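In case you want the letters, here they are:
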Amino acid sequence: MAEEQDQSKVSRRRFIEASSAMLVAAAGMQVAHGQEKSVRTPEHTGINEAQPLPINKALDNQNPSSVWAPETDAGGQPPFKYPFSFAHKRIEEGGWTRQVTVRDLPISKKMAGVQMRLIKGGVRELHWHVGAEWAFMISGTARITAVDQQGRAFVEDVSAGDLWLFPGGIPHSIQGVGEDGATFLLVFDDGNFNEFQTFLLTDWLTHTPKEVLAKNFGVPESTFDNVPKKELFIFERELPRPLAEEKRDASEGTGMVPNTFAFFTGKMQPTKVSRGGEVKIIDRKNFPITNIASAIVTLKPGGLRELHWHPNEDEWQYYVKGKGRMTVFSAGGHARTMDFEEGDVGYIERSVPHYIENTGDTDLQFLEVFPTANYEDISLAEWLAHTPSRLVNEHIATGEEFLRKIPKKEMVITPE
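Figured I'd write up the structure that's included with this text.

Reading the values: the criteria
Residues numbered from 1 in each chain as written. Predicted model: local features only at pLDDT ≥ 70, side-chain atom pairs only at ≥ 80, totals over all residues. Heavy atoms only, no water. Helix = DSSP H or I, 4+ residues; strand = E, 2+ residues; numbered from the N terminus. Rg over C-alpha atoms; globule rule 2.2 N^0.38 Å. Buried < 20%, exposed > 50% of the residue type's maximum accessible area, 1.4 Å probe, protein only. Areas by Shrake-Rupley, 256 points an atom, 1.4 Å probe, with all protein chains shown as cover. Lys, Arg positive; Asp, Glu negative; His and termini not counted. Charge placed at Lys NZ, Arg CZ, Asp CG, Glu CD. Pairing = 2+ DSSP bridges. Axes fitted to C-alpha atoms, helices over the stretch in contact; angles between N-to-C directions.

### Looking at the overall build of the chain
Across its full length, the chain holds nine helices and 25 strands. A globule of 416 residues ought to have a C-alpha radius of gyration of about 22 Å, yet the chain, at 29 Å, is considerably larger. Dimensions of the chain, computed from the C-alpha atoms along their principal axes, are close to 120 × 50 × 45 Å. Looking at the chain residue by residue over its 416 residues, the buried ones come to 44%. Put simply, the chain shows about 22500 Å² of open surface, and 55% of that area lies on carbon and sulfur atoms. Positive and negative charge centroids in the chain, built from 45 and 58 side chains respectively, lie 2 Å apart.

Okay, here's the thing in structure tokens:
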């Protein structure tokens, strides 16, 4: 009897094992079958890819990497793009302005940006900010002025491609003086910055009692009868006097600032040039006054800003012209690809790897801006090239010959 029970247990165990094996095999066949059947078609014409609901075709066409994401994208990487076209535009008699801050792009915690256009004669009134102001001239010519803590003056004309940097607390102004005025980008080292809440000269004086102003300057109270009752902000006035004359007048008694607030990129040789494009890096090494580092990158069609990351600070981007795409990878296996074109803002957090590729048929130019005085980056290729090849090959199985041929110096832009 006991022997029959033992045989029965063995039979049941063998049946369960056989059944489990059959289920595993069947599941394996289903997985294999699923792997063979692609869920994507080359032109996205599969029934599973159809979009029968009403869609914004214009936005879909501008953002193919979101509509048809690469299969390498994964996880819930938050958006890292915001177009200036979505920003509210404030229009004044002397021009217009609009901004992208952390309130618009939540990932942009450390930096904010402003687009501004001044007509010929248009003035962004005398003002200052708590944080530093970094600027890039997009088109036209502007007259910029400032005064430092020792009362030393700064007056200069800047044109397309030039930069300026006003440290936090330094009072300054901007006026369009080109035939078509001036259009420029401003970047601030504070994600919460608000262009519409700055310290303005007219605003301060109109909120100070006249008797105090009179006592401060030793003049009659009537001197201030015509101070505007509200901010001027952006207004139109006569063009300034000749540059040399204004420099001479402004610097009387104290002289000019020892370190210029302007940087003329046209006089600078590219930091790196390759068949794929070029990059100019501007930081405290060649622009002593700055506490905001930057790079002006130009990619030729098909060019690639190589896989890399920045270990010291977040990166704020502005796309000046052309079309491109960027994939951002974050810890935990998350990756997302987004498309960019002129007027778009991008943002990558510190040490997060990414690349930028020119996907258009004209040059792609974009700015990399960092809230730090010193530019730093680490490239994937340089990392692998200076790590023992056997160790790397044990990770990625490319063969050591490939690894030994990787250039020993950072490429920055490919092809070389």
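### Remarks on the sheet that holds strand S16 (residues 293-299)
Within a sheet, neighbouring strands are paired by backbone hydrogen bonds and run either parallel or antiparallel to one another. Pairing is antiparallel across the open sheet formed by seven strands, whose spatial order is S1-S21-S18-S23-S16-S15-S14. In the strand order of this sheet, the two ends are held by strand S1 (81-83) and strand S14 (272-274), each with one partner. Between one strand axis and the next, the sheet turns by 15° as a mean value, whatever way the strands run. Where strand S15 (residues 277-282) meets S16, six bridges bridge the pair, whose relative direction is antiparallel. Its bridge partner lying in S16, Val279 is registered against Val297.

### Focus on unusual backbone geometry
In this model, Thr414 is joined to Pro415 through a cis peptide bond whose omega is 0°. Along the chain, Pro415 turns up in the segment after strand S25 (413-414). Even without being glycine, Ser351 reaches a positive phi, approximately 70°. Mapped onto the secondary structure, Ser351 falls in the loop between strand S21 (344-348) and strand S22 (354-358). Here Ala397, not a glycine, exhibits a phi torsion of approximately 55°, which is positive. Positionally, Ala397 belongs in the loop between helix H8 (389-396) and helix H9 (400-404). Relative accessible area serves as the criterion here: at 66%, Ala397 is assigned to the exposed category.

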